[in-house]
Structures are given as C-alpha cells and as structure tokens.
Amino acid sequence: MAFLQSVTEAPESAMFKLTIDYDKDSFENKLDLGIGAYRDNDGNPYVLDVVKQASAMIQQKMESGDMNHEYLPIGGLPQFCKITAEFALGEDSPAVLENRAVAVQCLSGTGSLRTAGEFVAAFSPVKTILCSSPTWGNQAIFFSARGLDYQSYRYYKAETRALDLDGMLEDLKAAPQDACVVLHACAHNPTGVDPNEEQWQQIAEVCIAKNFFVIMDAAYLGFASGSPVKDSYAIRYFVSKNIPLVVCQSYSKIFGLYNERTGACLVVTPSEQTTKAVVSQMKVLVRRNWSNPPAHGARIVATVLSDAALKARWFEELKSMSGRIISMREKLYAALLAKKTPGTWNHIVDQIGMFTFTGLTEAHVAFLTEKYHIYMLKNGRINMAGLRDSTVEVLAGAIDDAVRNCSNVSKL
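Now for a look at the structure at hand. Please read these numbers as outputs of a predicted model, since none were measured by experiment.

Topic: the overall build of the protein chain
What the protein chain contains, in helices and strands, is 17 helices and 13 strands. For 412 residues, the compact-globule formula gives about 22 Å, and the C-alpha radius of gyration of the protein chain, at 22 Å, lands near that figure. C-alpha extents for the protein chain along the principal axes are approximately 60 × 60 × 55 Å. For the protein chain, the proportion of its 412 residues judged to be buried stands at 54%. In the protein chain, 74% of the contacts between residues at least 6 apart in sequence involve partners at least 24 apart. For the protein chain, the accessible area works out to roughly 18,400 Å², and carbon and sulfur atoms hold 52% of it.

What follows is the structure, encoded as structure tokens:
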C-alpha cells in the first residue's frame, strides 16, 4: 500500500536502547545502572522464593485439573482484585469493607496508568492532568496521546536535590479546579525524593480545596522502606480524607514479576455506587484495549497474599531487597566522602527506593560511559540495585574522576 512508503522508523526507547548498548559492550567490568529492575549482590536477576513456591502450587493445580487457561473476566481475577484493595488500604479499611474500594486488573503499572488516563479523558469535564517535574517518562506520552492537557508541577529542586514543596504547592494551587493530579505514592521515580507525612497532609489539603481527582502511581509499596504499610501512608491518608482517587498498582518490582505485567487500577470513591459506576466504565476501556488480562502473575500474587506463611516470607524478602538497596546507598555515600569528592552527596542516603537522582550532568554521564563503561540514564538517575559490594568503589572512583576532571562541566 502506498502510504507505507511514507512511514518513518521510530526512535528507540532511551531506556531500552541503554540496555542494548550495554549488551553490545564487550568490556568485562561494565556496569549497568540504567534498567529499573532489582539485582542481587552478584548482579543477577532475583526470583523471589515465594514466587517459586506459588508457581509450583499453581502448576500442581494445573496438573490436577483444578486450574486452567480459560479467559479471566474482563475485570480480572476476582481474588487478585480483592487482595489488591486490602493490600493498599488494609483489610480493616472502611473503604474496603463498604465496597468503596474496588480494583480492576490491568497490565502492570503502565496499563493501569493508561486506563486511568483514558477514564479521565472520557469523563472529566476538565482535561488538565498534572504530573511532577520530573516524572516517569511514559506518563507524558500516554496522557498526551489521550488528548489530555498535560502539565507539570514543580517537584524536585536541583539546588538542594530535595523536594520543592513550596513550588509544588504553588503550582497545584494555580491549577484548574477539578483537574487531575498524578502523585507517586512512594519511592518517586526518577528522583527517589518523597514527601514526609506532614508534607503529604499539606498536599492533601490542596487536593481537597481544588477538588482534584487523584491518580496515585504505586509501583513500590514495601520496596522503599521494607514496610508496605509505611509506604502506603499517602494512599491511606488521602482515602481517610475522602479524596476520590485511583491507585495504579504494579507488582513488577515488589514481586519481581516484570514480564508477567501484573497490576491493577484500584478505584476508591466516597460511595459504593460511584465506585461501582467508575469500575464499570474502566471495564469498558479494558475490553477495548486488551479484552481481559493475563492470569499467571495475578494468581501468584493472590496465592502469596492469601497464605499467611507465604505472606510472612514475602515480607522478609521485601525487607531483604529494600535493605540491600539502603546498604548500597550508605556504602556509595561513604566511598564518596572518603575520596573527598567535590560537592555534597547526602542526597544519596536521603533519597529512598530503587533510584537515585545523582545530580550528575549529561556530560558527566557520557564521560562515565565512555571511560568506565558505566551505563545510566542521561539525567543522572541510577538504579541502586544495580550496584553490588564489589562495584561500589568502582562507581565512586568513576564519579570522583568525572566531577574533578570532566572538562567544561561545572562542579557539583
């Protein structure tokens, strides 16, 4: 067909191109700090013990004929959806008990955010959607593609490498009444900078005053601090204030189910009837997009979280993974201090979660890749789980060299 001749090749995703470049590099001691996936202290992908156990239990049910590969309902695996609400809000949450919190299974966090954005585009009279600056790159792409007026609010202050609360609140107060705001529930991507509880309360006050519809991007509950309850503080506080919201829950990081695409849109409103109506419309969107979701990842999550022993073991593994990340932060910080690397580096231990916004410039990053074969995003974000005990000194030495000797770049 003639129109095919005019189709141009799309640019590669910066994230996945980074992985391709890393894989092509033949240098023996190369270091990948780009891709957002957990690695153990040997640098290997980590399959959780509870995931292995749950998978074996599911396989046994398959072999016995108690489970099959039939389509799931449009809204997903019922047990998984119920557990998702209880996980985010607590089993004793009034919203859960009153059927005001209901989940629709989606394709991990990406599919959940897209579904929430499509819902806002279809039903909100105000088409403005606000996301933090910076934020996860996909948000701008699929919210804008839905015809929403994508705007940013200040979030990260480069000078302090910390939260710009004053700027954030000022921008939110200036936004249109009844707009939609996207917030990261914890372990903000890409900065690793989170509001504290008092700051979350101030943010909630503005959301109430502006009558915002809130989307909570929740990919790291339990992965930031090691405690899902602590990491879900913002979600639970907003729900306690009857702020209508959708929690876009991903299980990729916290269960290591990256390629299973396991997630959900958890709808929470002040009334059971409103929640029921919103969920019904989200199911229409799901039907249009992927008809019904995959089962295996949802079955794993449901199996683990419905079994007391497996759930307890999962909590232990969460603490182990988050603890290793915290340890890498502490060791990198100590190594930079020992080298008296110019600049301030306390943000490395002040930030939380998988990612650190190092403050390195694009020129620094290029220097690190060319000279040391260290791969990271151009904005200086690194995956702390990509570090291990044996590579902390390598990274610290490379950063020290870059800051001191990378030409035409101001010191940090």
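Having seen the model, we can carry on.
What to know about the environment of Arg 161
Its location among the elements puts Arg 161 in the loop between strand 5 (156–157) and strand 6 (162–163). A polar contact of 3.4 Å, which involves the side chain of Arg 161, links it to the side chain of Thr 344.

Here we look at unusual backbone geometry
Put simply, Ser 133 and Pro 134 share a cis peptide bond, and its omega is 0°. If you trace the backbone, Pro 134 turns up in the loop between strand 3 (128–133) and helix 6 (138–145). The residue after Asn 189, namely Pro 190, is reached through a cis peptide bond having omega 25°. Its location among the elements puts Pro 190 in the loop between strand 7 (180–184) and helix 8 (197–209). One non-glycine residue, Ala 187, lies in the positive phi region at around 50°. Among the structural elements, Ala 187 can be located in the loop between strand 7 and helix 8. Accessibility expressed as a relative area gives 3% for Ala 187, which makes it buried.

So, the pattern of salt bridges
Applying the stated criterion to the full structure yields 14 salt bridges. A salt bridge links Lys 17 to Asp 21; the shortest N-O distance between them is 2.9 Å. Of this pair, Lys 17 and Asp 21 both sit in helix 1 (residues 14–24), four residues apart, roughly one helical turn. Judged by its relative accessible area of 35%, Lys 17 falls in the partly exposed class. For Glu 118, the salt bridge identified is with Arg 114, shortest N-O distance 3.0 Å. Pair noted here: Glu 118 and Arg 114 are both in helix 5 (residues 108–123), with a separation of four residues, about one helical turn. For Glu 118, a relative accessible area of 12% gives the class buried. Taken together, the shared-partner salt bridges in this structure form one network comprising Asp 49, Arg 313 and Glu 316.

Comments concerning the packing of helix 2 (residues 49–64) against helix 13 (residues 296–305)
Each pair of packed helices gets described by two things: the angle between the helix axes and the distance between those axes. Closest axis-to-axis distance for the helix 2/helix 13 pair is 9 Å, and the angle between their directions is 110°. As judged from the angle between their axes, helix 2 and helix 13 are roughly perpendicular. Facing Val 50, Val 51, Ala 54, Ser 55, Met 57, Ile 58 and Met 62 of helix 2, the residues of helix 13 in contact are His 296, Arg 299, Ile 300, Thr 303 and Val 304. Here the contact of helix 2 with helix 13 is composed, by residue class, of eight nonpolar, three polar and one charged.

As for the layout of surface pockets
Roughly 1,200 Å³ of volume is contained in the largest pocket. Considering the residues around the largest pocket, the lining is formed by 42 residues, among which Met 15, Phe 16, Ile 35, Trp 136 and Arg 381 are closest to the centre. Looking at the lining of the largest pocket, the elements with two or more residues in it are helix 1, helix 5, helix 6, helix 11 (252–255) and helix 16 (362–372). Residues of the lining of the largest pocket, tallied by class, amount to 20 nonpolar, 14 polar and eight charged. Its boundaries defined by the atoms lining it, the second largest pocket holds a volume of some 370 Å³. Along the wall of the second largest pocket there are 23 residues; nearest its centre are Asp 194, Pro 195, Asn 196, Trp 200 and Ile 352. Put simply, the parts of the chain that give the lining of the second largest pocket at least two residues each are strand 6, helix 8, helix 9 (228–231), helix 10 (233–240) and helix 15 (347–350).

Looking at the packing of helix 14 (residues 308–338) against helix 17 (residues 392–405)
Taken N-terminus to C-terminus, the directions of helix 14 and helix 17 make an angle of 45°; their axes are 9 Å apart at the nearest point. With respect to each other, helix 14 and helix 17 are oriented oblique. Here helix 14 and helix 17 pass one another in a crossing that is right-handed. Note on element contacts: helix 17 touches helix 14 through Val 392, Glu 393, Leu 395, Ala 396 and Ile 399, opposite Met 328, Lys 331, Leu 332, Ala 335 and Leu 336.

Comments concerning the environment of Val 286
Structurally, Val 286 can be placed in helix 12 (residues 272–289). It is 47 Å that separates the C-alpha atoms of Val 286 and Glu 393, two residues lying 107 residues apart in sequence. Once residues within four sequence positions are removed from consideration, Val 286 is found in contact with Ile 74, Val 104, Gln 105 and Ser 291.

Points about a nonpolar patch on the surface
Together, Met 1, Phe 3, Leu 4 and Val 7 make up a nonpolar patch on the protein surface, roughly 470 Å² of accessible area in all. Take Val 7: its relative accessible area is 55%, and that puts it in the exposed class.

Section: empty space enclosed by the protein
Going through the model one piece at a time under the given rule, you end up with two cavities of 30 Å³ or more. The volume enclosed by the largest cavity comes to roughly 40 Å³. Around the largest cavity sit Ser 132, Tyr 153, Tyr 155, Met 168, Leu 183, His 184, His 188, Pro 195, Trp 200 and Ile 203, which together line it. The set of elements that each furnish at least two residues to the lining of the largest cavity consists of strand 7 and helix 8. Tallied by class, residues from the lining of the largest cavity come to seven nonpolar, three polar and no charged. The computed volume of the second largest cavity comes to approximately 30 Å³. Every residue lining the second largest cavity is listed: Arg 100, Val 239, Asn 242, Ile 243, Pro 244, Val 268, Thr 269 and Pro 270. Looking at the lining of the second largest cavity residue by residue, the classes come out as five nonpolar, two polar and one charged.

The rules behind each value
- Residues numbered from 1 in each chain as written.
- Predicted model: local features only at pLDDT ≥ 70, side-chain atom pairs only at ≥ 80, totals over all residues.
- Heavy atoms only, no water.
- Helix = DSSP H or I, 4+ residues; strand = E, 2+ residues; numbered from the N terminus.
- Rg over C-alpha atoms; globule rule 2.2 N^0.38 Å.
- Buried < 20%, exposed > 50% of the residue type's maximum accessible area, 1.4 Å probe, protein only.
- Contact = heavy atoms within 4.5 Å.
- Areas by Shrake-Rupley, 256 points an atom, 1.4 Å probe, with all protein chains shown as cover.
- Polar contact = N/O pair within 3.5 Å; in protein donor to acceptor, adjacent residues only side chain to side chain.
- Salt bridge = Lys/Arg side-chain N within 4 Å of Asp/Glu carboxyl O.
- Axes fitted to C-alpha atoms, helices over the stretch in contact; angles between N-to-C directions.
- Parallel < 35°, antiparallel > 145°, perpendicular 65-115°, else oblique.
- Nonpolar A, V, L, I, M, F, W, Y, C, P; charged D, E, K, R; others polar.
- 1 Å grid on protein atoms, 1.4 Å probe; cavity = no way out; pocket = protein on both sides within 12 Å on 5 of 7 lines; lining within 4 Å.
- Points joined across faces, edges and corners; volume = space filled by probe spheres on them.
- Left-handed = near helix turned anticlockwise from the far one by under 90°.
- Patch = residues over 30% accessible without salt bridge, like charges linked within 9 Å, V, L, I, M, F, W, Y side chains within 5 Å.

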